[in-house]
Each structure stands twice: as structure tokens, then as C-alpha cells.
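The chain contents come next:
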Amino acid sequence: MRLSYVTARNGVTYVYKGFKTWDKERGKYRTKRKCIGKLDPKTGKLIPSTRQNKSERAVHQMIKDGLSTHMVGHDLLLSHVTKQLGLEPILLTTTLPDWRQILAMAYHQVMEQESLCSLHAWLPYYQTPYAGQLDNAQIGTILDRLTKEVQQSFFESWKERFKGDRKVLYDMRSIANSSAFTSSLAWGVSMEGLEPQHIRFALIVGQESELPLSMLLLDNGLRTMDDLSHLLRVLKKQGNTIGLMHLDQEFYSTGRVEAMLNRKYKFVQAVRFKDPWICQLIDQNRDMMGDPGSLFVLDGRDYYMRSIEYHWLAGEGEQSRKYPTTVHLFYSHDIISRDRIKFMHRLQQQLRALKQQDSIQPHPELQRFFSFGEHPITGRRTVTINKTALEHHERSYAGFFAYITNDPTQVTGLQLLENVRMKGAIERLFDNLYNDLDLLRLRIHEGTRLEGRMFIQFLASLYVCQIRRLLKRKKLDSVYTYRELLSELKHIVGIQHTLAQGEVVSAQTPTTERQKLLLKALLQGDISKEDTDGTAT
């Protein structure tokens with residue numbers, strides 16, 4: 001909303017609110033203005049127009065009467081999580097004097113997952129540890145102060161709380177809109193030359209605590225075994241001896257799996273359906289889709305799962321060796337549409353590249369989905385989609401995904417999938433991290449601001465993981481995701497009334513029965529899933 005001020009000939013200054021409407025006839029947006037009142041000539045405050053609707057008049061009357069409101073429901077939960085994690089004393093000693101502002105930024109990212117540039121418009125309406133305002137210049141200054149040394153000091157203090165916890169390495173990525181300003185966002189870092197581009201970073205998570213412990217930005221991503229070995233050495237020097245690795249699909253190849261087995265690395269590797277061994281395994285276990293014993297629900301989504309003991313044959317002839325591994329095979333009808341669209345975009349991009357240059361060859365994994373010919377007049381190469389191969393692929397493998405592991409602690413597919421879902425929730429927090437608004441207004445491509453911006457997301461990931469743990473512990477994870485929970489609680493409103501003597505009286509709007517049960521379960525006692533399902537709001 002944009003406000004404009006117009007002074008009439010009689011000296012009265014009128015205030016107009018500007019807004020955009022879509023003009024169907026012209027096919028474009030039109031800007032309209034609406035008078036919302038005039039300025040008091042003595043005080044300069046807005047006098048609301050009598051033509052405003054009832055809700056607008058009520059808001060202005062509340063302000064006039066000294067009333068102010070804040071959304072407080074989310075703060076009841078997030079401040080509880082802050083105390084549980086013991087974040088305040090660590091931030092107080094490592095990020096002085098900005099720890100309250102940093103927590104306010106983390107709250108904003110947990111709640112909205114939007115550009116930090118919108119923080120100044122968000123803060124007046126939501127209760128956070130910081131009661132003041134933050135403009136873009138102040139945010140940029142705080143991000144500049146979150147240097148590598150400050151972050152490392154925080155990570156060292158934070159890891160001390162989880163000294164005996166086994167460290168798990170997650171290969172993470174964040175979608176980046178603008179990627180030409182830092183080497184971490186170079187073309188083709190993670191997707192083998194295909195869009196979109198990504199920031200790649202390593203996240204260290206405690207296996208028992210299920211909480212992020214540390215983070216490291218990767219300039220080149222993980223594309224080879226040398227990259228992985230180098231990363232493990234760097235992390236070991238920092239005091240992070242990795243006990244288990246969760247690796248993304250982009251790292252998968254049979255050669256790399258064999259190399260990790262030979263080097264005795266413990267890993268969980270997402271598998272691509274491009275090799276005969278995994279396709280054969282799927283064909284042999286299609287009956288699991290008709291087995292009620294293999295069906296379970298996680299985060300409101302249905303899955304069929306089967307864990308298969310698989311002996312990986314490494315080497316050839318007399319030098320060959322069998323390694324015991326476990327393949328966790330999953331099928332979900334809910335993800336077929338999403339995977340199909342994602343795969344079609346990838347094919348479309350590859351098709352466009354093949355048509356533009358005759359010298360380009362398709363990616364080996366996509367080779368069978370293209371048919372090549374020769375134009376009868378120009379003699380140029382023609383490229384079309386092989387619909388038979390595409391239909392066979394969709395009919396055979398759509399909805400399936402698999403992981404291979406040699407770690408004995410990952411024996412149940414449910415536990416592994418919970419870890420994968422947690423990884424996905426954290427990655428979504430980091431998505432569009434390098435967005436255009438922050439790029440232009442906060443200039444996060446300069447200096448250490450990108451690293452400071454990622455540190456804010458790291459803190460937000462601590463809240464997300466802890467809330468997910470609370471939901472799981474109270475057996476509410478099948479009823480609520482963490483975002484649904486926050487959406488339910490944020491409608492609790494706090495009211496402050498400033499009296500004539502300057503005294504401030506605080507109150508809170510009544511909570512619904514469901515909100516009461518949730519707050520009791522998460523902040524104090526216990527609650528059953530049946531109680532929540534049967535409670536009317």
C-alpha cells in the first residue's frame with residue numbers, strides 16, 4: 001500500500017491510499033486511489049474518513065484510544081523453544097549487541113519464509129524478542145557483523161551442548177534466483193548444467209538430538225569423490241568428525257557408491273533410476289503396493305515402504321567383493337504429479353538445448369527419451385521426444401524413490417524417511433535465499449552478507465527442527481505440520497492499552513479450545529491425537 005498526500009486550495013491535506021486493480025479490457029494493471037482521511041493541522045495525525053468501512057474505523061479508533069495489538073500466539077511457542085534450546089545465553093556471548101534483532105529475523109523466517117526486506121513491515125504486528133524497528137540499512141549492518149569468526153564462535157559454543165552426539169553430514173542446496181555474484185552460485189554447480197542454479201552447503205546435524213549443529217558454505221558443491229574427501233578433511237579439522245553422510249541424488253553413481261564402500265564411509269545415498277540393478281529391484285517388489293503391512297502415513301502423506309537386504313558387488317573377477325547394504329524402496333501416489341512436472345521441465349530444457357546446437361549431445365540419463373533424424377531440405381539434425389520410452393518410464397517408475405545405505409542405524413525405512421523429510425523442511429527454509437529484493441536492497445552479494453544471511457536461516461532451521469520434534473513427541477505430527485501449527489497459533493492476539501498516566505495494561509484475546517489443547521501439549525503437559533481431532537475451533 002502506498003500513501004500520497006494532496007493539499008487542497010483550502011489548505012487541508014488529504015491522505016490517499018493507492019492500490020492496483022486488473023483491467024480485463026486493457027489487459028494490464030491500473031492504479032487507483034482512495035481517500036482515507038485528512039491530516040490534523042495541529043498534530044499532523046490522520047483523521048479517518050467517515051467513508052471508511054467499519055473495520056478500518058475500528059482500527060483508527062483503537063489507535064486513538066491508546067490501544068495497540070500484536071500477534072502473540074507464535075511467540076508463546078517460539079520463546080518456549082528458545083528457552084528449551086538455550087539459545088539466548090549463547091547468542092548473548094557471541095553476537096553482542098545484536099542478539100535480539102537476530103532472533104527477530106529468525107522468527108520472521110520461521111513464520112513467513114520471505115525476504116528480510118519485508119521485516120520492517122512485519123515487526124509492528126508480531127511480538128518478537130526485539131521491540132523496536134529494523135530498516136534495510138540496519139539489517140545490512142547486522143548481517144555485516146555476522147562474520148565467519150562470529151559464526152564459528154557460535155557453532156563452537158552450540159556444539160558443546162551436544163558433545164557425544166554422532167554427527168551426520170547433509171548435502172544441502174538452496175534455489176537461487178540471482179547467481180552471478182558469488183562463486184558458490186556458479187553455473188552448473190549442482191545440476192550438471194541444468195537450471196535452476198543452487199547454493200550448495202554442508203549441514204552438520206546431531207543424530208540423537210536431530211538438531212543442526214554447524215554449517216559450511218561449499219564453493220564447488222559435491223561432484224566427485226575428491227570433493228567429498230576434501231570436505232570430510234576440512235570438517236575434521238574444525239572438530240566435526242562425520243559418522244554418517246546423507247547424500248543427494250546429484251552425487252549418485254555406481255562408481256561413487258563403490259568408492260564409498262571401499263573407503264568404509266557410512267552413508268545414505270539417494271538413488272537415481274538409471275541403472276539396471278535398481279529397476280530390477282523395483283520390478284521384483286511391485287507387490288508391496290498391495291500389502292497393507294507396508295503402508296504408513298508421514299506428514300499427512302501415504303507411503304508404501306519395503307526394506308531389502310542387498311549385496312553390492314564391487315570390483316571384477318577374483319578382486320570382486322560383496323558389501324552388505326540395505327535398499328529402502330518407497331512408493332507414494334501423492335508425489336507422481338509433482339515428479340512428472342519436474343521431469344517434464346528437465347526434458348523440455350534439454351530439448352531446447354539440443355535444438356539450438358547440433359553439436360550438443362543429450363545427458364546419458366535422458367538419451368533414450370529423444371529421437372534424432374535429419375531435415376530433408378536443410379540437412380540439419382531434428383530432435384523429437386520418444387513418446388514410447390517416456391510412457392514406459394512413467395508407467396513403470398513414477399512415484400518410486402529409493403535410498404541405499406550401509407549404516408546399521410538406518411535399518412528402518414520410516415526413520416530414514418523422517419530424516420529425509422526434515423532435510424526437505426530445512427532446504428525449503430533456504431530456498432530463494434538469494435532473492436532479488438535482498439540482492440538489490442540488502443546487497444547480500446557484497447562482503448560477508450550472504451554468509452550472515454545464511455546464519456539467520458540456520459537459526460530458523462533450529463526452531464523448525466525443534467518444533468517438528470515436539471510434534472513427534474506429542475504424537476501430533478500426523479495432524480499438524482510445523483507451518484500448520486504456527487498458522488493455528490498466530491491468530492492469538494495480544495492487546496496493550498496505554499492509559500492517560502502512561503501505564504500500559506496488557507491482555508490477550510480468548511483462545512479456542514484447540515489452541516488451548518495445543519499450548520498445553522507443547523508447553524506443559526500431554527495431549528492425544530484423538531483429543532485434537534475431535535476438538536472444534
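As the structure is a prediction and not an experimental result, all values here were calculated from the model. (Residues numbered from 1 in each chain as written. Predicted model: local features only at pLDDT ≥ 70, side-chain atom pairs only at ≥ 80, totals over all residues. Heavy atoms only, no water.)

Novice: Quick question: what am I supposed to make of the nonpolar core here?
Specialist: When a protein is soluble and globular, its nonpolar side chains tend to lie buried together. Of all hydrophobic cores here, the largest spans 86 residues; its most connected members are Leu77, Phe154, Trp158, Tyr463, Ile467 and Leu485. Excluding anything up to four places from it in sequence, Ile467 contacts Leu77, Leu78, Val81, Tyr482, Leu485 and Leu486. Ranked by size, the runner-up nonpolar core spans 40 residues in total, among them Tyr252, Phe267, Val271 and Cys279. (Core = buried A, V, L, I, M, F, W, Y, C linked by side-chain atoms within 4.5 Å. Buried < 20%, exposed > 50% of the residue type's maximum accessible area, 1.4 Å probe, protein only. Contact = heavy atoms within 4.5 Å.)

Novice: Just to check I follow, could you spell out helix 17 (residues 513-524) for this structure?
Specialist: The periodicity of an α-helix, 3.6 residues per turn, causes residues three or four places apart in sequence to face the same way. Over its 12 residues, helix 17 runs 16 Å from end to end, which matches the ideal 16 Å to within 8%, given 1.5 Å per residue. Buried within helix 17 are the following residues: Arg514, Gln515, Leu518, Leu519, Ala521 and Leu522. Viewed along the axis of helix 17, the buried residues span an arc of 165°, placing them on a single side of the element. (Helix = DSSP H or I, 4+ residues; strand = E, 2+ residues; numbered from the N terminus. Expected span 1.5 Å × (residues − 1). Arc of directions from axis to C-beta.)

Novice: What is the right way to read the sheet that holds strand 2 (residues 13-23) from this model?
Specialist: Picture the strands of a sheet paired through backbone hydrogen bonds; they go either parallel or antiparallel. With antiparallel pairing, the 4 strands of this open sheet are ordered in space as 1-2-3-4. Across the chains shown, the open sheet's two edge strands, defined by having one partner strand only, are strand 1 (2-7) and strand 4 (46-48). Neighbouring strand axes in the sheet, compared pairwise and without regard to direction, differ in orientation by 50° on average. In this structure, strand 1 lies alongside strand 2, joined through 6 bridges in antiparallel fashion. Its bridge partner being in strand 2, Ser4 is matched across the sheet by Tyr16. (Pairing = 2+ DSSP bridges. Axes fitted to C-alpha atoms, helices over the stretch in contact; angles between N-to-C directions.)

Novice: Any chance you could explain unusual backbone geometry here in plain terms?
Specialist: Leaving glycine aside, a negative phi is the common case for residues, and trans is the common case for peptide bonds. Even without being a glycine, Glu210 presents a positive backbone phi close to 60°. Counting through the fold element by element, Glu210 comes out in the loop between strand 7 (198-206) and strand 8 (212-218). Residue class for Glu210 comes out partly exposed when judged on its relative accessible area of 25%.

Novice: Teacher, can you tell me more about the sheet that holds strand 17 (residues 493-498) here?
Specialist: Read across the open sheet, the 3 strands follow the order 5-17-18; overall the sheet is antiparallel. With partners counted over all chains shown, the strands left at the sheet margins are strand 5 (67-71) and strand 18 (504-508), one partner each. Recorded for the sheet is a direction-independent mean angle of 20° between the axes of neighbouring strands.

Novice: Help me understand empty space enclosed by the protein in this model?
Specialist: The method is simple in principle: a probe with the dimensions of a water molecule rolls over the atoms, and the space it marks as empty is what remains. Tallying each qualifying case throughout the model produces 2 cavities of 30 Å³ or more. Looking at the largest cavity, it is lined by 16 residues, and the ones nearest its centre are Glu418, Met422, Arg468, Arg469 and Lys472. Secondary structure elements with two or more residues in the lining of the largest cavity: helix 13 (413-430) and helix 15 (449-473). Looking at which element gives the most residues to the lining of the largest cavity, the answer is helix 15, with 5 residues. Partitioned by chemical class, the residues of the lining of the largest cavity number 6 nonpolar, 2 polar and 8 charged. (1 Å grid on protein atoms, 1.4 Å probe; cavity = no way out; pocket = protein on both sides within 12 Å on 5 of 7 lines; lining within 4 Å. Points joined across faces, edges and corners; volume = space filled by probe spheres on them. Nonpolar A, V, L, I, M, F, W, Y, C, P; charged D, E, K, R; others polar.)

Novice: Would you mind showing me how to read the packing of helix 13 against helix 15 here?
Specialist: The description of two packed helices rests on the angle between their axes and on the distance between the axes. For the pair helix 13 and helix 15, interaxial distance at closest approach is 9 Å and the crossing angle is 145°. Along this stretch, helix 13 crosses helix 15, giving a crossing that reads as right-handed. Listed contacts from helix 15 to Glu418, Arg421, Met422, Ala425, Ile426, Leu429 and Phe430 of helix 13 are Met454, Gln457, Phe458, Ala460, Ser461, Val464, Cys465, Arg468 and Lys472. Of the residues that constitute the contact of helix 13 with helix 15, the class distribution is 10 nonpolar, 2 polar and 4 charged. (Left-handed = near helix turned anticlockwise from the far one by under 90°.)

Novice: Even after reading the chapter, I still don't get the confidence of the model for the protein, so can you show me in this structure?
Specialist: Do not read the predicted coordinates in detail wherever pLDDT is low. Taken as a whole, the protein shows an average pLDDT of 82; of its residues, 86% reach a score of 70 or greater. Counting interchain partners and residues more than four positions distant, the pLDDT-below-50 stretch residues 176-196 has 56 contacts. Under a pLDDT of 50 for its full length, residues 526-537 has, in the predicted model, 27 contacts with residues more than four places off or in other chains. (pLDDT = per-residue confidence, 0-100.)

Novice: What exactly am I supposed to notice about the pairing of strand 11 (residues 295-298) here?
Specialist: When a strand is regular, its side chains alternate between the sheet's two faces. Only one face of strand 11 is buried, namely the one carrying Phe296 and Leu298, since none of Leu295 and Val297 on the opposite face is buried. Pairing of strand 11 with strand 12 (residues 301-314) involves 4 bridges; the strand directions are antiparallel. Each residue of the ladder has a partner; that of Leu295, found in strand 12, is Tyr304. The antiparallel pairing of strand 11 with strand 12 creates a hairpin that spans 2 residues between the two strands, and Asp299 there sits at a positive phi of about 55°.

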